[in-house]
Amino acid sequence: MESFVFEKLTPFLAAKSLAMMEVGLRLLLILVVAYVGIRAVRFGLHRLEIFLLTIRENEDRDRLAREKRVKTLIGLLLTICLTLVWVVTVVMGLDQIGLDITPIIASAGIVGLAVGFGAQNLVRDVINGFFIILENQVRIGDVAVVNGTGGLVEAISFRTITLRDQAGTVHIFPNGTVTTLSNMTKDWSAYVMNIGVAYKEDTDRVTEIMREVGKALQQDELLGRKILEPIEIMGVDAFGESEVVIKARIKTIPIEQWGVGREYRRRLKKAFDQNGIEIPFPHRTLYMGEASPPFLVKRTLSQTETPTP
């Protein structure tokens, strides 16, 4: 009896041992492939990081900001890729040990579909935020106009952009809702001016005074370092009701254009006063026509007023 049981049990145990060894080898092979895949992903993303840092080197002067932005993008891609590799590895491992993975795949599909419908706005925000950061459209510290609202960029994430306007109000925009984005301080800034003078003034003399003021401002110890180029006088831009408009521009380092422009206007007002250049106020001239006879305008005294000698 014992020999019969032994003869029957031995092949069964041998077959089971062989099957377990085969499953173990398959699991080991899956883990090896997963390890190789993870190494390949890390190597590929490392090469991508070097490539992005190289192509952005001439576009972005702030090296630390560039490295931080690229590392953030690479970290997000690494997390997504590692999650996919491990999910596939676990599912294949469960299949090798004999579990039916069909319900798991079906459940994952249903959950993914439900999450996709419920979080479609979130996915859109993340995708748009990814490209905003990748393309370096705006950075923390920039002055930008988002959907018509301007302010200082205080925070950027893959989901939102946070602005603080001049009144201190904080505006938060989901990246998926950003339709227009204007960066006013990318690489360099400019202060554009429309200077109005009276029609009787010589515009050549006015532009010469404007250039002299700009040159003196550029030689200032404090503000001169903020000005990148000499003032650009674009010339007569328009004829107003009571003024001739001369357009000019001062090119500055980012976010310094307003301070430089205000100081330039202050100095220009003094220079105009010293040289007798009139800055007109709005007024109208009444023309009665040639057929109308001239008339005399008199000022009558009221009963309470006394005539002056």
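Residues numbered from 1 in each chain as written. Predicted model: local features only at pLDDT ≥ 70, side-chain atom pairs only at ≥ 80, totals over all residues. Heavy atoms only, no water.

A. Spotlight on the nonpolar core. Core analysis: the largest hydrophobic core is formed by 23 residues, its most contacted members being Met-193, Met-210, Tyr-264 and Phe-272. Residue assignment for this core shows that the elements contributing at least two residues are strand 6 (189-197), helix 5 (203-218), strand 8 (244-252) and helix 6 (257-274). (Core = buried A, V, L, I, M, F, W, Y, C linked by side-chain atoms within 4.5 Å. Buried < 20%, exposed > 50% of the residue type's maximum accessible area, 1.4 Å probe, protein only. Helix = DSSP H or I, 4+ residues; strand = E, 2+ residues; numbered from the N terminus.)

B. Spotlight on the pairing of strand 8. Counting buried residues along strand 8, eight of its nine residues qualify, which places the element largely inside the surrounding structure. Pairing between strand 6 and strand 8: nine bridges, direction antiparallel. Within strand 8, the residue paired with Tyr-191 across the bridge is Ile-250. Pairing of strand 7 (residues 232-239) with strand 8, which is carried by six bridges, proceeds in the antiparallel orientation. By the bridge assignment for strand 8, Glu-232 is matched with Arg-249. (Pairing = 2+ DSSP bridges.)

C. Region of the structure containing unusual backbone geometry. Of note in the backbone geometry, Asn-147 takes a positive phi value of approximately 55° without being a glycine. With respect to the secondary-structure elements, Asn-147 resides in the loop between strand 1 (143-146) and strand 2 (149-156). Phi at Asp-187 is positive, roughly 70°, even though this residue is not glycine. Turning to its location among the elements, Asp-187 is positioned in the loop between strand 5 (181-183) and strand 6.

D. Broad picture of the side chain of Thr-162. With respect to the helices and strands, the residue Thr-162 is situated in strand 3 (residues 160-164). In contact with Thr-162, not counting residues within four places along its chain, are Leu-152, Val-153, Glu-154, Ala-155, Val-170, His-171 and Ile-172. (Contact = heavy atoms within 4.5 Å.)

E. Just the sheet that holds strand 8, in detail. The sheet built from three strands is open, its strands ordered 6-8-7 with antiparallel pairing. Every other strand in the sheet has two partners, leaving strand 6 and strand 7 as the edge strands with one partner each. Adjacent strand axes in the sheet meet at a mean angle of 25°, parallel and antiparallel pairs treated alike. The strands touched by helix 6 are strand 6 and strand 8; relative to strand 6, the strand with the most contacts, the crossing angle is about 25°. (Axes fitted to C-alpha atoms, helices over the stretch in contact; angles between N-to-C directions.)

F. Representation of helix 6. In a regular helix each residue adds 1.5 Å, so 18 residues correspond to 26 Å; helix 6 covers 26 Å between its end C-alpha atoms and thus fits that length. Within helix 6, the full set of buried residues consists of Gln-257, Val-260, Gly-261, Glu-263, Tyr-264, Leu-268, Ala-271 and Phe-272. The inward-facing, buried residues of helix 6 abut strand 6, helix 5 and strand 8. Remark: Gly-276 follows helix 6 within two positions and exhibits a positive phi of approximately 70°. (Expected span 1.5 Å × (residues − 1).)

G. Looking closely at the sheet that holds strand 3. An order of 4-3-2-1-5 is seen for the five strands of this open sheet, with the pairing classed as antiparallel. Here the strands that pair on one side only, and so sit at the sheet edges, are strand 4 (170-174) and strand 5. Averaged over all pairs of adjacent strands, the angle between strand axes in this sheet comes to 40°, irrespective of strand direction.

H. Here's a closer look at the side chain of Glu-263. Within the fold, Glu-263 resides in helix 6. Residue class for Glu-263 comes out buried when judged on its relative accessible area of 18%. Side chain to side chain, Glu-263 and Arg-267 meet in a polar contact 2.8 Å long. Ignoring sequence-local partners within four residues, the contact set of Glu-263 consists of Leu-217 and Leu-223. (Polar contact = N/O pair within 3.5 Å; in protein donor to acceptor, adjacent residues only side chain to side chain.)

I. Seen up close, the environment of Ala-34. Counting through the fold element by element, Ala-34 comes out in helix 1 (residues 2-55). Since its relative accessible area comes to 6%, Ala-34 is described here as buried. Spatially, the C-alpha atoms of Ala-34 and Val-88 are 8.8 Å apart, while their sequence positions differ by 54 residues. Those residues in contact with Ala-34 that lie beyond four places of it in its chain are Val-85 and Thr-89.

J. Local environment of the confidence of the model for the protein. Averaged over all residues, the pLDDT of the protein is 81; the fraction at 70 or higher stands at 76%. Per-element confidence in the protein ranges from a low mean pLDDT of 67 for helix 3 (residues 102-118) to a high of 95 for strand 8. (pLDDT = per-residue confidence, 0-100.)

K. Structural view of a nonpolar patch on the surface. Residues Leu-25, Leu-28, Val-32, Tyr-35 and Val-36 make up a contiguous nonpolar surface patch of roughly 510 Å² in combined accessible area. Tracing the backbone shows Val-32 in helix 1. (Patch = residues over 30% accessible without salt bridge, like charges linked within 9 Å, V, L, I, M, F, W, Y side chains within 5 Å. Areas by Shrake-Rupley, 256 points an atom, 1.4 Å probe, with all protein chains shown as cover. Salt bridge = Lys/Arg side-chain N within 4 Å of Asp/Glu carboxyl O.)

L. View of helix 4 (residues 120-134). For helix 4, which comprises 15 residues, the first-to-last C-alpha distance of 21 Å matches the rise-based estimate of 21 Å (1.5 Å per residue) to within 8%. Following helix 4 by one or two positions, Asn-136 has its phi on the positive side, about 55°.

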